[in-house]
Amino acid sequence: MNTTPIKAFGTYSANEPLQEMTINRREVQAHDVEIELLYCGICHSDLHQIKDDFGGTMFPIVPGHEIVGRVTAVGNHVKNFKVGDLAAVGCIVDSCGHCEYCEEGIEQFCDEGVTYSFNSPDKVSGGHTFGGFSKTYVCNEKYVLQMPAFENLAAAAPLLCAGITVYSPLKHWQAGPGKKVGILGIGGLGHLAIKIAKAMGAEVVVFTTSPAKVADAIRLGADEAVLSTDSEQMAKYSRKLHFIIDTVSAKHDVNTYLNLLRHDGSVVLVGLPPEMLEVHAFNVVMGRRSFSGSNIGGITETQEMLDFCFEHNITAESEIITIQEVNKAFERLEKGDVKYRFVIDLASL
Ligand code: NAP
Ligand code: ZN
């Protein structure tokens, strides 16, 4: 298959700084769309993967799965995109298309293994996929999203992963009027979860380890915000919440939060702490509670989320950086020093 060399930013090994490199993108196939990239958000998953936190990272790695750009070429059979359109790519760029999960539109659980936008075996071109810290992206139009004309396009890029990752469980566990929803951890995912849960009509209680974020969570729209290290404040929420979206990226005690659930409630983990988490039997047995998880969302639901956020004027609180500032940004993300998402302006690459 013919390929084109393009500029990208990535790393050849864990703990080495990211640097400019050349990668190859396949030439546009009949069903493919080529996008010139404008912005790419920085997700904590990018950080986990470049550090090889879960093992199995394929180097060299080019991260980035919150991708927004403009269509520059389309294959002969492409129906839904034309040159010049705004377009976006999230975490999923391929799947088998015929298993029960793909047929149901939950490609993230594809029986044959979904292809992620980076660090996945590339079933079309061979090798592995490279993400959005790059000049272009090429993939089948089935996995390309129609990007609504957000006024601040850069700030909308984080919706492509952070947005769908919280939208999907908020919808699945039925956030809405009469529901009291907890949001645990106010980073990229957590701050969007506040905005989306409020737009769905739920009552939102935030739990944060950062004193400075207590007031900020209210500014972002939360009804109540609790410093989770304050046991007196925490005790007030015992058995009060219908469910909790847990976005914490590191090891933490989920038992504390199981105890804040009403009967039949669930702590829904979307964060990916590399370490095992322990659940005490009584915390789930009593009250028929559950500890569950959720992984991004399918393509149809991602489009629905983009349209919902456009309608409700929801974007991420973003700090726009150049590609040259990316290593510094990862250092700050690791320390929790970001309000609340870095977004790379790819004109700098
Ligand atoms: P982020 O911006 O770094 O936010 C994570 C937040 O977790 C922090 O802001 C902090 O919030 C809290 N936190 C961090 N370390 C903690 C600790 N040791 N104890 C308690 N709280 C801690 O990260 P993100 O981009 O939102 O991603 C969050 C997690 O979700 C990552 O693990 C990421 O890989 C994962 N993720 C999963 C999916 C999925 O599909 N399931 C998709 C995207 C990302 P406070 O300061 O408020 O306490
Ligand atoms: Zn992500």
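The rules we used
- Residues numbered from 1 in each chain as written.
- Chains lettered and ligands numbered in written order.
- Predicted model: local features only at pLDDT ≥ 70, side-chain atom pairs only at ≥ 80, totals over all residues.
- Heavy atoms only, no water.
- Patch = residues over 30% accessible without salt bridge, like charges linked within 9 Å, V, L, I, M, F, W, Y side chains within 5 Å.
- Areas by Shrake-Rupley, 256 points an atom, 1.4 Å probe, with all protein chains shown as cover.
- Salt bridge = Lys/Arg side-chain N within 4 Å of Asp/Glu carboxyl O.
- Helix = DSSP H or I, 4+ residues; strand = E, 2+ residues; numbered from the N terminus.
- Donors = N, O, S within 2.8 Å, 3.2 Å for Na, K, Ca; no water.
- Buried < 20%, exposed > 50% of the residue type's maximum accessible area, 1.4 Å probe, protein only.
- Pairing = 2+ DSSP bridges.
- Axes fitted to C-alpha atoms, helices over the stretch in contact; angles between N-to-C directions.
- Contact = heavy atoms within 4.5 Å.
- Near = heavy atom within 4 Å.
- Polar contact = N/O pair within 3.5 Å; in protein donor to acceptor, adjacent residues only side chain to side chain.
- Nonpolar A, V, L, I, M, F, W, Y, C, P; charged D, E, K, R; others polar.
- Domains from an automatic or database assignment.
- 1 Å grid on protein atoms, 1.4 Å probe; cavity = no way out; pocket = protein on both sides within 12 Å on 5 of 7 lines; lining within 4 Å.
- Points joined across faces, edges and corners; volume = space filled by probe spheres on them.
- Buried area = accessible area lost by both parts, 1.4 Å probe.

S.K.: Whenever I open this one, a nonpolar patch on the surface confuses me. Can you help?
M.R.: Taken together, the side chains of Phe 282, Val 285 and Met 286 define a hydrophobic patch exposed on the protein surface, amounting to about 340 Å² of accessible area. The residue Phe 282 is located in helix 9 (residues 281-285) in this model.

S.K.: Got a minute to help me understand the coordination of the zinc ion (ligand 2) in this structure?
M.R.: For a metal with four donors in a tetrahedral arrangement, the ideal angle between donors is 109.5 degrees, while six donors in an octahedron ideally sit at 90 or 180 degrees. Bound to the zinc ion (ligand 2) on the protein side are Cys 43 (SG), His 65 (NE2) and Cys 161 (SG), at distances that span 2.0 to 2.2 Å. Sequence spacing of the donors to the zinc ion (ligand 2): C-x21-H-x95-C. In this pair, His 65 is assigned in the loop between helix 1 (44-50) and strand 4 (67-74) and Cys 161 in the loop between helix 3 (153-156) and helix 4 (162-172), connecting sequence segments 96 residues apart. Here His 65 and Cys 161 have matching classes, each one buried.

S.K.: Help me understand the sheet that holds strand 12 (residues 224-227) in this model?
M.R.: Within a sheet, neighbouring strands are paired by backbone hydrogen bonds and run either parallel or antiparallel to one another. Spatially, 12-11-10-13-14-15 is the arrangement adopted by the 6 strands of the open sheet, whose pairing is parallel. A single partner strand is all that each edge strand has here, and the edge strands are strand 12 and strand 15 (290-293). Within the sheet, the average angular offset between the axes of one strand and its neighbour, ignoring direction, is 20°. Where strand 13 (residues 241-246) meets strand 14 (residues 261-269), 5 bridges bridge the pair, whose relative direction is parallel. Across the sheet, Leu 241 pairs through a bridge with Leu 261, a residue of strand 14. Across the sheet, helix 4 lies against strand 10 (180-184), strand 13 and strand 14, angled at about 160° from strand 13, the strand it touches most.

S.K.: So what exactly am I meant to see when it comes to the site of ligand 1 here?
M.R.: Taken together, 27 residues lie near ligand 1, and His 44, Thr 208, Thr 209, Ser 210 and Arg 341 sit nearest. Gly 188 has a polar backbone atom sitting 2.9 Å from an oxygen atom of ligand 1. Take Leu 189: an N or O atom from its main chain is 2.8 Å from an oxygen atom of ligand 1. When the free accessible area of ligand 1 is taken as 920 Å², the share hidden by the protein chains comes to 87%. Contributions of two or more residues to the shell around ligand 1 are made by helix 1 and helix 5 (188-199). Of all the elements, helix 1 adds the most residues to the shell around ligand 1, at 3 residues. Considered class by class, the residues forming the shell around ligand 1 number 10 nonpolar, 15 polar and 2 charged. Each of domain 1 (3-158 + 317-348) and domain 2 (162-293) accounts for three or more of the residues forming the shell around ligand 1.

S.K.: I keep staring at empty space enclosed by the protein and nothing clicks. Help me out?
M.R.: Taking a probe equal in size to a water molecule and rolling it over the atoms shows the remaining empty space. This structure, assessed with the given rule, holds 1 cavity of 30 Å³ or more. A volume near 50 Å³ is recorded for the largest cavity. Taken together, Gly 90, Cys 91, Ile 92, Tyr 143, Leu 145, Leu 160, Ile 164, Ile 296, Gly 297, Ile 299 and Thr 302 form the lining of the largest cavity. For the lining of the largest cavity, the per-class residue count stands at 8 nonpolar, 3 polar and no charged.

S.K.: Just checking my understanding: could you explain the domain arrangement of the protein for this structure?
M.R.: For the protein, the domain assignment lists domain 1 (3-158 + 317-348) and domain 2 (162-293). When each unit is reduced to the centre of its C-alpha atoms, the spacing between domain 1 and domain 2 is 28 Å. Counting residues at the interface gives 11 residues for domain 1 and 16 residues for domain 2. Of the roughly 1,100 Å² buried at the junction of domain 1 and domain 2 (both faces included), carbon and sulfur atoms supply 54%. Connecting domain 1 to domain 2 are 3 salt bridges. The salt bridge partner of Glu 317 is Arg 219, with a shortest N-O separation of 3.1 Å.

S.K.: Honestly, the pattern of salt bridges in this entry has me stumped. Any pointers?
M.R.: A side chain with one charge can pair with a side chain of the opposite charge if their charged atoms come near. Scanning all chains against the criterion turns up 17 salt bridges. One salt bridge connects Glu 304 with Lys 171, and the closest N-O pair in it is separated by 2.7 Å. Here Lys 171 lies in helix 4 and Glu 304 lies in helix 10 (residues 299-311), a separation of 133 residues in the sequence. Taking relative accessible area as the criterion, Lys 171 reaches 38% and is therefore assigned partly exposed. In this structure, Asp 216 and Lys 339 form a salt bridge, with 3.9 Å as the shortest nitrogen-oxygen distance. Separated by 123 residues along the polypeptide, Asp 216 in helix 6 (residues 211-219) and Lys 339 in the loop between helix 11 (326-334) and strand 17 (341-345) bring together distant segments of the chain. Each of the salt bridges in this network shares a partner with another, and the network as a whole consists of Lys 195, Asp 216, Arg 219, Glu 317 and Lys 339.

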